[in-house]
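# Fold and contact review
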Amino acid sequence: MNRIVLILALILLSCGQLIAQEKPEEKITNVLDKWHLAAARADFDSYFELMTDDAVFIGTDATELWGKPAFKEFSKPYFDRGKAWNFTSLERNIYLGADGNFAWFDELLDTQMKICRGSGVLKKEDGQWKIAHYVLSIAVPNEVVDELVQLKQEKDSLLTEQLRKSRKE
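Description of the structure in this document. None of the values given here were measured: they were computed from a predicted structure.

## Some points on the nonpolar core
Judged by nonpolar contacts, the single largest core of 29 residues is most densely connected at Tyr47 and Phe79. Counting only elements with at least two residues in this core, the list comes to α2 (24–40), α3 (44–49), β1 (51–58), α4 (68–80), β4 (102–111), β5 (114–125) and β6 (128–138). Broken down by element, the residue count for this core peaks at 6 residues, all from α2. Not counting residues within four places of it along the chain, the set of residues in contact with Phe79 comprises Ala38, Ala39, Ala42, Asp43, Phe44, Tyr47, Phe48, Ala84 and Trp85.

## Comments concerning the pattern of salt bridges
In total, this model carries 9 salt bridges according to the counting rule given. Here Asp54 and Lys123 are joined by a salt bridge, their closest N and O atoms 3.8 Å apart. With a gap of 69 residues between them, Asp54 in strand β1 and Lys123 in strand β5 connect regions that are remote in the sequence. Judged by relative accessible area, which is 52%, Asp54 ranks as exposed. Asp80 is paired through a salt bridge with Lys76; the nearest N and O atoms lie 2.8 Å apart. Here Lys76 and Asp80 lie together in helix α4, a separation of 4 residues that amounts to about one turn. For Asp80, a relative accessible area of 53% translates into the label exposed. If you follow the salt bridges from partner to partner, you end up with Asp33, Arg92 and Glu107 in one network.

## Re the side chain of Thr52
Structurally, Thr52 is set in strand β1. Looking at Thr52, its side chain comes within polar contact range of the side chain of Asp54, at 2.8 Å. With near-sequence residues (within four places) excluded, Thr52 lies in contact with Lys68, Lys123, Glu125, Lys130, Ile131 and Ala132.

## Here we look at the pairing of β1
As paired strands, β1 and β6 are joined by 4 bridges and run parallel to one another. Of the residues in β6, the one forming a bridge with Phe57 is Tyr134. As defined by bridge partners, β1 adjoins strand β2 (residues 65–67) across 3 bridges and the pair is classed as antiparallel. The residue of β2 that forms the bridge with Ile58 is Leu65. What sits between β1 and β2 in their antiparallel hairpin is a turn of 6 residues.

## What to know about the packing of aromatic side chains
For the structure shown, the criterion picks out 23 aromatic pairs. For the ring pair Tyr47 and Phe48, a centre distance of 5.0 Å and an interplane angle of 75° mean the geometry is edge-to-face. Look at Phe48 and you get buried, because its relative accessible area is 3%. Ring centres 5.6 Å apart and planes at 65° place the aromatic pair Phe48 and Phe71 in the edge-to-face group. With Phe48 in helix α3 and Phe71 in helix α4, this residue pair connects regions lying 23 residues apart in the sequence. Of the two residues, Phe48 and Phe71, neither departs from the other in class, the shared state being buried. The lysine or arginine in question, Lys76, covers the ring of Phe44, its NZ or CZ lying 5.0 Å from the ring centre.

Analysis parameters
Residues numbered from 1 in each chain as written. Predicted model: local features only at pLDDT ≥ 70, side-chain atom pairs only at ≥ 80, totals over all residues. Heavy atoms only, no water. Core = buried A, V, L, I, M, F, W, Y, C linked by side-chain atoms within 4.5 Å. Buried < 20%, exposed > 50% of the residue type's maximum accessible area, 1.4 Å probe, protein only. Helix = DSSP H or I, 4+ residues; strand = E, 2+ residues; numbered from the N terminus. Contact = heavy atoms within 4.5 Å. Salt bridge = Lys/Arg side-chain N within 4 Å of Asp/Glu carboxyl O. Polar contact = N/O pair within 3.5 Å; in protein donor to acceptor, adjacent residues only side chain to side chain. Pairing = 2+ DSSP bridges. Phe/Tyr/Trp six-rings, centres within 6.5 Å; stacked < 30°, edge-to-face > 60°. Lys NZ or Arg CZ within 6 Å of the ring centre and 35° of its normal.

In structure tokens:
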């Protein structure tokens, strides 16, 4: 009888542990939510600890392509003011790589720029999910694209010219 009770107890304990384990998608959701929250709270260290050392951040401006050290330097004044940015996920899709060490995602965000889209890649390092690549873009309704193109035409033309010249050199 004692043996049956012990076996049942072990089975229940194992089931409880399986139920308590977070799925990879839940862990990734938690990382992304913590990352966005760290920015909203201006918690510089927590924000950047959730990124890999070789992380890349691509912002909404065509010139915003940063490795982690450059992004830290750019971001520091915002965090030092006590408020960086406040992005809240409205919708998120997560996709897992077959090897279980990579995931990619896309999300719609509520931001000070209104609805934006974030997308990126997470990599598992030492058993922890970290953001390796993030792209932020402003979601533009199709009905206003022509207006937007007119607004940015001059700056885009100058940047296009600069980039073409630098490619030839």
